[in-house]
Amino acid sequence: MTHSRKQVFFRAMIFCALVAMLISLALLALPGPATAQGRGTIAWKQTGGPSGGGVGMIVVDPTNPAVVYASAEVGLFKSADAGASWRPIGQSLPPATNVQRLVIDPTTNPAILYVGASSGIYRSADGGITWSAMNRGLLNLTIYALVAESSPAGVTALYAGTAGCLFKSTDGGASWTSASQGLLDAEVNALTLDPLSSPTGERRLYAGVKGKIYRSTDAGAFWQPISKQLPASTTIQPTCALA
């Protein structure tokens, strides 16, 4: 190969390398795959709290998305700026209270909160500043699951799953009665309410216990198993759901 041919060859190699590099840079600059909201790749960032132990539940105020509540192993926290900063709000709860579930009142005022904890159910009417025990009628105070339902009468109905029974309140938590007819397993680990009514107008309520899922279409008066295919050793745990 002559000297001139070598120069042409090396120039062609350099040109191809530059083209390949430019193509790679262009591909890297392309946006990621679109999400259901039509945006590019979602980026995550740490909010700065709450910290210290695992976070068990996060609830967003449906009327103000900047207000967020979080239960953690070290307590209960609230953010008023979409997670940029957090402050503890469980100081008036009994010491060493482990909050398992938190729900916002869907009927009257989003500042009314209910928590299910290791020592019962508590209610706050001021966005978590103060709390009052709401345990009259509860035969077991270890709360694993808690859901709230609005009613046409303007009174919040609550359902609480415990280690020994499922309970219902029709007066905003002031009193509780058993709602376990048809439930053959006492420990209710998960509860969820179908956000849509059935074709006949009922609200479907689902309860998860060890190895089974039950459904009620009559506001918890009676439960029927609907999970015959699940293995007997299956433990139903709460998961993300739309409400």
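These numbers were taken from a predicted model, which means no experiment stands behind them.

What counts, and at which threshold
- Residues numbered from 1 in each chain as written.
- Predicted model: local features only at pLDDT ≥ 70, side-chain atom pairs only at ≥ 80, totals over all residues.
- Heavy atoms only, no water.
- Helix = DSSP H or I, 4+ residues; strand = E, 2+ residues; numbered from the N terminus.
- Buried < 20%, exposed > 50% of the residue type's maximum accessible area, 1.4 Å probe, protein only.
- Contact = heavy atoms within 4.5 Å.
- Areas by Shrake-Rupley, 256 points an atom, 1.4 Å probe, with all protein chains shown as cover.
- Pairing = 2+ DSSP bridges.
- Polar contact = N/O pair within 3.5 Å; in protein donor to acceptor, adjacent residues only side chain to side chain.
- Salt bridge = Lys/Arg side-chain N within 4 Å of Asp/Glu carboxyl O.
- Patch = residues over 30% accessible without salt bridge, like charges linked within 9 Å, V, L, I, M, F, W, Y side chains within 5 Å.
- pLDDT = per-residue confidence, 0-100.

Caption draft 1: Structural context of the overall build of the protein. Counting secondary structure elements, the protein contains 1 helix and 16 strands. For the protein, buried positions account for 33% of its 243 residues. Within the protein, contacts between residues separated by at least 24 positions form 36% of all contacts whose residues are at least 6 apart in sequence. With an accessible surface of roughly 14,400 Å², the protein has 61% of that area assigned to carbon and sulfur atoms.

Caption draft 2: Molecular detail of the sheet that holds strand E4 (residues 87-88). The 4 strands lie next to each other as E1-E2-E3-E4, forming an open sheet whose pairing is antiparallel. Edge positions in the sheet fall to strand E1 (55-60) and E4, since each of these pairs with one other strand and no more. The pairing of E1 with strand E2 (residues 68-72) spans 5 bridges and is antiparallel. When the sheet's bridge partners are listed, Val-59 is paired in E2 with Tyr-69.

Caption draft 3: Spatial organisation of the sheet that holds strand E8 (residues 132-133). Taken in spatial order, the 4 strands of this open sheet run E5-E6-E7-E8, and their pairing is antiparallel. The strands lining the two open edges of the sheet, one partner per strand, are strand E5 (99-104) and E8. Bridge count for strand E7 (residues 120-124) against E8 is 2 bridges, and the pairing is antiparallel. Across the sheet, the residue bridging to Tyr-122 is Ala-133, located in E8.

Caption draft 4: Looking closely at the pairing of strand E14 (residues 203-209). In terms of strand pairing, E14 meets strand E15 (residues 212-216) through 5 bridges, oriented antiparallel. In the sheet register, Ala-207 faces E15, and the bridge partner there is Tyr-214. Between E14 and E15, which follow one another and run antiparallel, lie 2 residues, and Gly-211 among them has a positive phi close to 80°.

Caption draft 5: Highlighting the pairing of strand E9 (residues 143-149). Counting buried positions over the 7 residues of E9 gives 6, a clear majority of the element. Note that E9 and strand E10 (residues 157-162) share 6 bridges and pair antiparallel. Across the sheet, the residue bridging to Glu-149 is Ala-157, located in E10.

Caption draft 6: The arrangement of the side chain of Thr-162 in detail. Looking at the secondary structure, you find Thr-162 in strand E10. Among the polar contacts listed, one links the side chain of Thr-162 to the backbone oxygen of Cys-165, at a separation of 2.7 Å.

Caption draft 7: Representation of the pattern of salt bridges. A complete count under the given rule lists 1 salt bridge for this structure. For Asp-194, the salt bridge is made with Arg-204, and the minimal N-O distance between the two is 3.2 Å. Placement of Asp-194 in strand E13 (residues 190-197) and of Arg-204 in strand E14 is noted, with a sequence separation of 10 residues between them.

Caption draft 8: Structural detail: a nonpolar patch on the surface. There is a patch of nonpolar side chains on the surface, built from Val-55, Ile-58 and Val-60 and spanning about 260 Å² of accessible area. Positionally, Val-55 belongs in strand E1. Taking relative accessible area as the criterion, Val-55 reaches 41% and is therefore assigned partly exposed.

Caption draft 9: Region of the structure containing unusual backbone geometry. Backbone geometry at Ala-82 places phi at a positive 60°, although glycine is not the residue there. By the element assignment, Ala-82 lies in the loop between strand E3 (75-79) and E4. For Ala-96, which is not glycine, the phi dihedral falls at a positive 65°. Looking at the secondary structure, you find Ala-96 in the loop between E4 and E5.

Caption draft 10: Summary view of the environment of Ala-80. By the element assignment, Ala-80 lies in the loop between E3 and E4. Separated by 12 residues in sequence, Ala-80 and Val-68 have C-alpha atoms that sit 6.6 Å apart. Residues in contact with Ala-80, not counting those within four places in the same chain, are Ala-66, Val-67 and Ser-85.

Caption draft 11: Region of interest: the confidence of the model for the protein. Per-residue confidence for the protein gives a mean pLDDT of 79; residues scoring 70 or more make up 70%. A low-confidence stretch, residues 32-38 (pLDDT under 50), is modelled with 8 contacts involving residues beyond four sequence positions or located in other chains. Low pLDDT, under 50, characterises residues 236-243; the stretch is placed with 14 contacts to residues that sit more than four places away or in other chains.

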